[in-house]
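Structure assessment
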Amino acid sequence: MAKKVILEAGRTFSEFSLLTDFTSKDCNLNNINLKSNLGQLSLGIPFLSAAMTSVTGYEMALALGKEGGLGVLPARLSVKEQVDIINKIKGYEMGFVEDPVSVRDNATIDEAVRLVEKHGHSKIPVTDRNNVFLGLFNFDKYLESNETPAENILSIMTSVEELPHTKNSEITVKQAKKELEENNYLIVLDDLGRLVKIAFKKDVENIVVGAAISTHKGWKKRVKACDEAGADIFVIDTSDAYNEFTSKVLKDYAKMKLGKPICAGNVITYEGAKFLMNSGADVIKVGMSSGSICTTQREKATGRAPMTALMEVERARADYLKESGKYVSIVIDGGVSDAGSMIIALSIADAVMMGGYFNHFFEAEGEKYDANMQQTTHEPDIKYVATWGEGSARARNLDRYGHVARKTFFAEGEEGTVENWGRLKPKLKQDIRKIKAALSNTGCMNLKDYHEKATIELMSPYTQSIVGDTHDMKVKE
């Protein structure tokens, strides 16, 4: 008989509901921040793109990095490819937003909100018919106001006098960087007050990027090269990290004394997590079989429901913290695909790593197809994005899945396509607002508060059908 038989069913994120708590007047979307730490590395938002060759390359790592998240470059790339991308990201030079999206002074608030939803910008310039800059529509400020969507934009606009601006239309990037030391953005006007361009602080801040490594021969060479290029974190990316090989990599990495955090994964049990913590991991990556393209459970009956795995690893972290005094960050990898699952996962995890979610965006590495499944690079025609797992027949990432040679390989992932959601920024911004709104419902100003104060409740299948979705109506299509 098996050593242990667990009869309690594993749980996933959609089975839980977040309960509300007292919310103070200051606990609003403008004041809530989603900063998170992975070891010594600070992130502006708790999002990582998966180390999948169909997901993360230069475009994804740059786009997510500019928003404050972290792109993790796949170990399936050659050392040179990883290094070249890191160099390119670290060498990224800010530029002005020329001809920014704006609204006329006779527009309604609703028209501005639609632009926010389309482009992902939280601030929209307001101009008159001659392009003279009048002020700025701030979406977050609007959410906290009592103005109705039909009101004129001027009723909620922040006037030009209250905003950081310059009438030096020839301002250089170097000069703009100096101005951005004290402000989050700078509006550039000409001598007649007409809108010329905008510079944003996030474009001058350091963009972080991670590099995935395996436990196989050559990992030290990869680490050294990526460290020199400026990688901010290293991720041991294996399907099952509860083994001697991962422990040895962690111990050898510590001897390199690079001063950068190392993440190890994946694990799904208390014992596996404790093993990696004792071996020196700064961050633990959790998950097996819950990814949208993963077939590990089907092929070899191995894996665990993601929320159950996360709770077990959190239990290990709490015990390890008591024993050692060291807090180990947790990243959930797999099973997170929408804002609701992000919200529940972040009640425990410090960050979420997503492959399927990010694969939907234009910046993903997968090939793009039109409605007739013809490959295209013309953005308006893109309907689908190619996706494939690292364990698929296409990727054949032998190192990640522990195969010693191609003759031992069998696929543990599928290849297919996902719907194109367009550019990353609008959808990501929308989901960030949803997460902040959930934190506001619980009275939490940040993720640390949320970890300490959140109460989540398991729902019955019937409750899920009532609470979790619309019911007793025909939804208009």
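Residues take numbers from 1 onward in each chain, read along the sequence in its written order. The predicted origin of the model limits local features to residues at a pLDDT of at least 70 and limits the giving and counting of side-chain atom pairs to 80 or more, whereas totals for whole chains, interfaces and linings rest on all residues. Excluded from the side-chain calculations are hydrogens and water; all other atoms, namely the structure's heavy atoms, are used.

- Looking at an unreviewed UniProt entry, one finds the chain named CBS domain-containing protein, with Marine Group III euryarchaeote CG-Epi1 as its source organism.
- Of the comments in the UniProt record for the chain, the one headed Sequence similarities (unreviewed entry) reads "Belongs to the IMPDH/GMPR family." UniProt positions are given in the numbering used here, feature names are shortened, and annotations may be inferred rather than shown by experiment.

Examining the overall build of the chain
- The helix and strand inventory of the chain stands at 16 helices and 23 strands.
- Radius of gyration (C-alpha) of the chain: 24 Å, near the 23 Å computed for a compact globule of 477 residues.
- Its C-alpha atoms put the chain at 80 × 55 × 55 Å along the principal axes.
- Out of the 477 residues in the chain, the part that is buried amounts to 51%.
- Every residue pair with non-hydrogen atoms within 4.5 Å of one another is taken to be in contact. Sequence-distant contacts in the chain: of pairs separated by 6 or more residues, those separated by 24 or more amount to 65%.
- Each accessible area value is a Shrake-Rupley result obtained with a 1.4 Å probe; residue values ignore everything except the protein chains displayed when judging cover. Element-wise, carbon and sulfur atoms account for 48% of the exposed surface of the chain, whose accessible area totals about 23,200 Å². Secondary structure follows DSSP: runs of H or I at least 4 residues long count as helices, runs of E at least 2 residues long count as strands, and numbering of each begins at the N terminus. Using C-alpha atoms as the atom set, the radius of gyration is obtained and then compared with a globule rule of 2.2 Å times the number of residues to the power 0.38. For each residue, the accessible area found with a 1.4 Å probe, counting protein chains only, is set against the maximum for its type, and the residue is called buried under 20%, exposed over 50%, and partly exposed in between.

Points about the domain arrangement of the chain
- Domain boundaries in the chain define domain 1 (13–92 + 206–468) and domain 2 (96–200).
- These domain boundaries are the output of an automatic or database domain assignment. Distance between the C-alpha centres of domain 1 and domain 2: 34 Å.
- Taken residue by residue, the interface counts 7 residues in domain 1 and 11 residues in domain 2.
- When the two sides are added together, the surface that domain 1 and domain 2 hide from each other amounts to roughly 760 Å², 53% of it contributed by carbon and sulfur.
- Note: buried area is the sum, over both parts, of the accessible area (probe 1.4 Å) each one loses when the two are combined. If you sort the residues of domain 1 by the area they bury against domain 2, N30, P426 and R433 come out on top, with a joint share of 57%.

Details of the pattern of salt bridges
- For this analysis, a salt bridge means a side-chain nitrogen from Lys or Arg found within 4 Å of a carboxyl oxygen belonging to Asp or Glu. A full pass over the atoms with the stated rule returns 25 salt bridges.
- Taking the shortest distance from any N to any O, the salt bridge between R11 and E15 comes out at 3.0 Å.
- Its relative accessible area of 22% is what places R11 among the partly exposed residues.
- Overall, the relative accessible area of 14% leaves E15 in the buried class.
- E323 is the salt-bridge partner of K274, the closest N and O atoms lying 3.1 Å from each other. Of the two residues, K274 sits in helix 8 (residues 270–279) while E323 sits in helix 10 (residues 306–324), which places them 49 residues apart along the sequence.

A word on helix 10
- Each residue after the first adds 1.5 Å to the expected span of a helix. Between the first and last C-alpha of helix 10 there are 26 Å, a value that for 19 residues agrees with the 27 Å anticipated at 1.5 Å per step.
- Turning to helix 10, its buried residues are P306, M307, T308, A309, L310, E312, V313, A316, R317 and Y320.
- Remark: G325 follows helix 10 within two positions and exhibits a positive phi of approximately 80°.

As for the UniProt feature "domain: CBS" (unreviewed entry) in the chain
- When the UniProt feature table is mapped onto this chain numbering, "domain: CBS" (unreviewed entry) sits at residues 96–152.
- Helix makes up 28% of residues 96–152 and strand 26%, with an end-to-end C-alpha separation of 29 Å.

What to know about the packing of aromatic side chains
- Two aromatic rings from Phe, Tyr or Trp, using only the six-membered ring of Trp, form a pair when their centres are within 6.5 Å; if the ring planes differ by under 30 degrees the pair is stacked, by over 60 it is edge-to-face, and anything between is tilted. The full count for this structure, using the stated rule, is 9 aromatic pairs.
- Seen from their ring centres, Y242 and F275 are 5.3 Å apart, and the 55° between their planes marks the pair as tilted. Residue Y242 is located in the loop between strand 15 (233–237) and helix 7 (244–256), and its partner F275 is located in helix 8; the two are separated by 33 residues in the primary sequence.
- Taking 5.1 Å as the distance between ring centres and 90° as the angle between the ring planes, the aromatic pair formed by Y357 and F358 counts as edge-to-face.
- Here Y357 falls in the buried class, since its relative accessible area comes to 2%.
- Over a ring means this: the NZ of a Lys or the CZ of an Arg is within 6 Å of the ring centre and within 35 degrees of the ring normal. For the cation-ring pair, K368 lies above F362, with the distance from its terminal atom to the ring centre recorded as 5.8 Å.

Considerations on the UniProt feature "binding site: NAD(+)" (unreviewed entry) in the chain
- When the UniProt feature table is mapped onto this chain, "binding site: NAD(+)" (unreviewed entry) is found at D237, T238 and S239.
- Mapped onto the secondary structure, T238 falls in the loop between strand 15 and helix 7.

Topic: the packing of helix 1 (residues 58–66) against helix 2 (residues 79–90)
- Axis lines are fitted through C-alpha atoms, for helices just across the contact stretch, and the angle between N-to-C directions can take any value from 0 to 180 degrees. Viewed as axis vectors pointing N to C, helix 1 and helix 2 meet at an angle of 35°, and their least axial separation amounts to 10 Å. Considering the relative orientation of helix 1 and helix 2, their crossing is right-handed. Each of Y58, A61 and L62 in helix 1 lies in contact with helix 2, whose residues at this interface are I85, K88 and I89.
- Asp, Glu, Lys and Arg are counted as charged, while Ala, Val, Leu, Ile, Met, Phe, Trp, Tyr, Cys and Pro are counted as nonpolar; the rest, among them Gly, fall into the polar class. Its residues assigned to classes, the contact of helix 1 with helix 2 comprises 5 nonpolar, no polar and 1 charged. For any helix crossing, the convention is left-handed if the near helix is rotated counterclockwise from the far helix by under a right angle, and right-handed if that rotation is clockwise.

Quick word on the sheet that holds strand 8 (residues 123–127)
- As summarised here, the arrangement of the 4 strands in space is 7-8-9-10, forming an open sheet in which the pairing is mixed. The sheet terminates laterally at strand 7 (103–104) and strand 10 (158–159), the two strands that pair on one side only.
- Between any two strands, at least two bridges found by DSSP are needed for them to pair. By the bridge criterion, 2 bridges tie strand 7 to strand 8 in an arrangement that is parallel. Note on strand 8: the bridge partner recorded for R104 is T127.

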